[in-house]
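# Descriptive analysis of the structure
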Amino acid sequence: MSVQQSDITDLNYDLVVGVSQRSVNAIMKTYYTNAAEYFWPQTWYFINSLSVDQNTAWQMMGNQDPFEIPSWNGQGTMPANIQSCINGGFTCAFQFTPGDPGNPAVGNTPATYPAWDYTYLTYLPKDTFYGQTYNYTLCCQNIQVVYWDPFTNVWVNYTQPTAPNSPASSIVKFCAYATLASQTKAYNASDNTIPQDVKTQAAALQASNTAFTIQQLIVSLEAMDASTMSTLPFMTTLDECYYQRLAPCFITAYTQALKSSFKSVPTLCYALPQTNQANQTIINPTNVQTAIENFVDTNGNVISSPTTDQVNLSTLNYLCAVNGSIPQTPQQFKWNWFDSDNDASTYDGVIALSKYALGRSIYNQIITYVKNNCWVPQISCTNNNGTDAWSFSMAANGTLNSDALITNNSNNYFAIFLYNPAAFTTYGVVNTGDYVSITPQFQLEVSIKDASTITVTQLSQFSYVIKIGGGEAMPGTPLNISYTQDYGVIVQPDGTLDFTPGQLQTWGGPSNESIPYLTNAEGEQMVQSINTTVQSMQSADLTATPLGSLQQVILPGGNAFMFKDAQFTSANDLACEITYLKTTS
């Protein structure tokens, strides 16, 4: 699987979910198998290309049943019953049961139709007129089609072969084109368009006071287009003009049959991303767009005439912004999520999170920790009966010199924080030549070390120069410590990212130094106050494992996917392989 080729960060996407055509077809197969009990025979009549009920159709055709009228090749005198139908405006009539004719769940065996390959859906490249589309290959059982073709002057009554071991070519499959669509909706227990098992999961989340939306990660059959691009194999001999009238009639009948069977159009594979704002680490997809990517060669160029195998490796990509970011216009990728059928048979897809999106999550959680280590010395000097009285304390939340979420993807850094203020200096009141000057420094960097490791490096330093009692200016460094800590990035099956600390490397540390030849009592007291305060602040606020206290980062789709093998790509995306946990219908 070509996870390492992911480069969504440079394309300015926050999150991309790529789902293989193969996995979608497996879902469609499951759908047809599980939904068989909901399908029942359908009968449809079209007069002047409009759907009418049986009574209306028969009355207009002189009480003729078109399904009982055999085919006529146009030779000789037209049979009276056909003439009666034509006079009534008859266009066509269909009898069929939606479903897979090779589905064992409805009494058939795979051997009945040995060439059936379960390729229900084929992604198509962008067409100048229809835009991004996909092609549904939909299935029928027990189909009978009757139509009058005025251009060839024939009456056709076609019945699907049902005998065991009928040739695969007799399977009635037809192709309908559909434009891409996705769906996000708020949970509503009374919404009958949401499958029951999705409602069960949603209710459980609601009971735990977790806010969320329902994100449909597989396109719905509702988007199917009754267009004249669609192909109906039992109508291939029709004149093109008449086909443009007849094909939409059947596709309309089929889609309406699905709607009536389920009381809503079937939808597949919902995810329930949580949006609990109390936990800022959850990655919330917004402004979802869908796009089909053309198969490209090793140089990233679109292959103009892909093979069937290459077409089967196409992916449906969900292009997401995160937490309100501005979505990017869909564009062609320079890589394939799947390079071989072996890839597509191992995983259903990939989820890729950009370096910027993950960096924002880390930044939002670590910024408070950083500010707590940006110390601001509080130095005061007052006149106490003709002598200087010095005191010292320290506050946090100093102003950062550099507070950067890295937006340049040419390096491996997520964020760099630098607190390096000018020295804080206070002069004596009585002895104006005396002074205390204190310089704090704090630096923290978060970077990508390798394919599965983040490194956090931090430096905390505190130095001073004290001149009290008219003596020499004396320096001191009560704290000079640096940490380097690696964190292994591991994804749990539910999409939770864990940052597991590795071995800690430490340089330097605190010092209990004093200045022996600074004999002035006020000066000695000041040194002790600084040392004690600085080291106590270090003990309370500086930790060797800042990422260890991070809240969990949770990728979306945990109720739909199982996640595996988190890794940073060569372009610094964080990519995971995903497999569907289950399907819903």
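Residues numbered from 1 in each chain as written. Predicted model: local features only at pLDDT ≥ 70, side-chain atom pairs only at ≥ 80, totals over all residues. Heavy atoms only, no water.

## Things to note about the overall build of the protein
- Within the protein, the secondary structure is distributed over nine helices and 27 strands.
- Long-range contacts, defined as pairs at least 24 residues apart, comprise 72% of the intrachain contacts of the protein with a sequence gap of at least 6.
- In the form shown here, the protein has an accessible surface area of approximately 24,900 Å², with 48% of it arising from carbon and sulfur atoms. (Helix = DSSP H or I, 4+ residues; strand = E, 2+ residues; numbered from the N terminus. Contact = heavy atoms within 4.5 Å. Areas by Shrake-Rupley, 256 points an atom, 1.4 Å probe, with all protein chains shown as cover.)

## Observations regarding the nonpolar core
- L358, V370, F417, L444, L497 and L555 are the most contacted members of the largest nonpolar core, which has 49 residues in total.
- Here the element with the most residues in this core is helix α8 (residues 355-371); it accounts for eight residues.
- Not counting residues within four places of it along the chain, the set of residues in contact with L555 comprises I283, I351, L353, V491, G495, L497, F563 and C576. (Core = buried A, V, L, I, M, F, W, Y, C linked by side-chain atoms within 4.5 Å. Buried < 20%, exposed > 50% of the residue type's maximum accessible area, 1.4 Å probe, protein only.)

## Thoughts on α8
- Compared with an ideal rise of 1.5 Å per residue, which puts 17 residues at 24 Å, α8 spans 23 Å between its outermost C-alpha atoms and is within 8% of the ideal.
- Counting buried positions along α8 yields 13 of 17 residues, so the element is predominantly enclosed. (Expected span 1.5 Å × (residues − 1).)

## Remarks on unusual backbone geometry
- Not every positive phi belongs to a glycine, and N12 is a case in point at roughly 65 degrees.
- As for its position among the elements, N12 is in the segment before β1 (15-20).

## Things to note about the pattern of salt bridges
- Throughout the structure, instances matching the rule amount to three salt bridges.
- Residue R360 pairs with D14 through a salt bridge whose shortest N-O separation is 3.1 Å. Of the two residues, R360 sits in helix α8 while D14 sits in the segment before β1, which places them 346 residues apart along the sequence.
- Among the residues examined, D14 registers a relative accessible area of 9% and is labelled buried.
- Residue D434 is joined to K467 by a salt bridge in which the shortest nitrogen-to-oxygen separation is 3.9 Å. Taken together, the residues D434 in the loop between β20 (424-427) and β21 (435-450) and K467 in strand β22 (residues 453-467) connect sequence positions 33 residues apart. (Salt bridge = Lys/Arg side-chain N within 4 Å of Asp/Glu carboxyl O.)

## Some thoughts on the side chain of D348
- Mapping D348 onto the fold places it in the loop between α7 (341-346) and β15 (349-353).
- For D348, a relative accessible area of 17% translates into the label buried.

## Let's talk about the environment of K355
- With respect to the helices, strands and loops of the structure, K355 is situated in helix α8.
- K355 sits 348 residues away from D7 along the chain, and the two C-alpha atoms are 9.8 Å apart.

## A few points about the pairing of β15
- Counted residue by residue, β15 has five buried out of five residues, so it is predominantly covered.
- Neither face of β15 is open: one carries G349, I351 and L353, the other V350 and A352, and all of them are buried.
- Two elements, β1 and β15, share five bridges in a ladder whose sense is antiparallel. In the strand pairing of β15, V17 is matched with I351. (Pairing = 2+ DSSP bridges.)

## With respect to the packing of aromatic side chains
- Under the definition given, this model contains 13 aromatic pairs.
- For the ring pair Y363 and F417, a centre distance of 5.5 Å and an interplane angle of 20 degrees mean the geometry is stacked. Of this pair, Y363 sits in helix α8 while F417 sits in strand β19 (residues 413-419); the two residues are 54 residues apart in sequence, bridging distant segments of the chain.
- With a relative accessible area of 18%, Y363 lands in the buried category.
- A relative accessible area of 0% means that F417 is categorised as buried.
- Three or more aromatic residues joined by ring pairs form one cluster here, namely Y13, F333, W335 and W337. (Phe/Tyr/Trp six-rings, centres within 6.5 Å; stacked < 30°, edge-to-face > 60°.)

## Examining the side chain of S6
- For S6, the location among the structural elements is in the segment before β1.
- By relative accessible area, which is 0% here, S6 ends up buried.
- Setting aside residues no more than four positions away along its own chain, S6 makes contact with W335, W337, A352, T569, A571 and D573.

## Notes on the environment of D388
- Along the chain, the position of D388 falls in strand β17 (residues 387-395).
- A relative accessible area of 7% places D388 in the buried class.
- The spacing of D388 and V430 is 42 residues in sequence and 5.7 Å in space, taken between C-alpha atoms.
- Among the polar contacts listed, one links the side chain of D388 to the backbone nitrogen of V429, at a separation of 3.0 Å.
- Of the polar contacts made by the side chain of D388, one reaches the backbone nitrogen of V430; its length is 2.6 Å. (Polar contact = N/O pair within 3.5 Å; in protein donor to acceptor, adjacent residues only side chain to side chain.)

## Things to note about the environment of W40
- Within the element layout of this structure, W40 appears in the loop between α1 (21-35) and β2 (42-47).
- For the pair W40 and A257, spaced 217 residues apart in sequence, the C-alpha separation works out to 8.6 Å.

## Some points on the confidence of the model for the protein
- Summary statistics for the protein give a mean pLDDT of 75 and a share of 65% for residues scoring 70 or more.
- Looking over the protein, one finds the lowest element-wise mean pLDDT in strand β10 (residues 214-216), namely 48, and the highest in β20, namely 95.
- Low confidence marks residues 103-118, where pLDDT is under 50. Its contacts with residues over four positions away, or in another chain, come to 37 contacts.
- Counted against residues more than four places away or in other chains, residues 274-280, with its pLDDT under 50, gives 18 contacts. (pLDDT = per-residue confidence, 0-100.)

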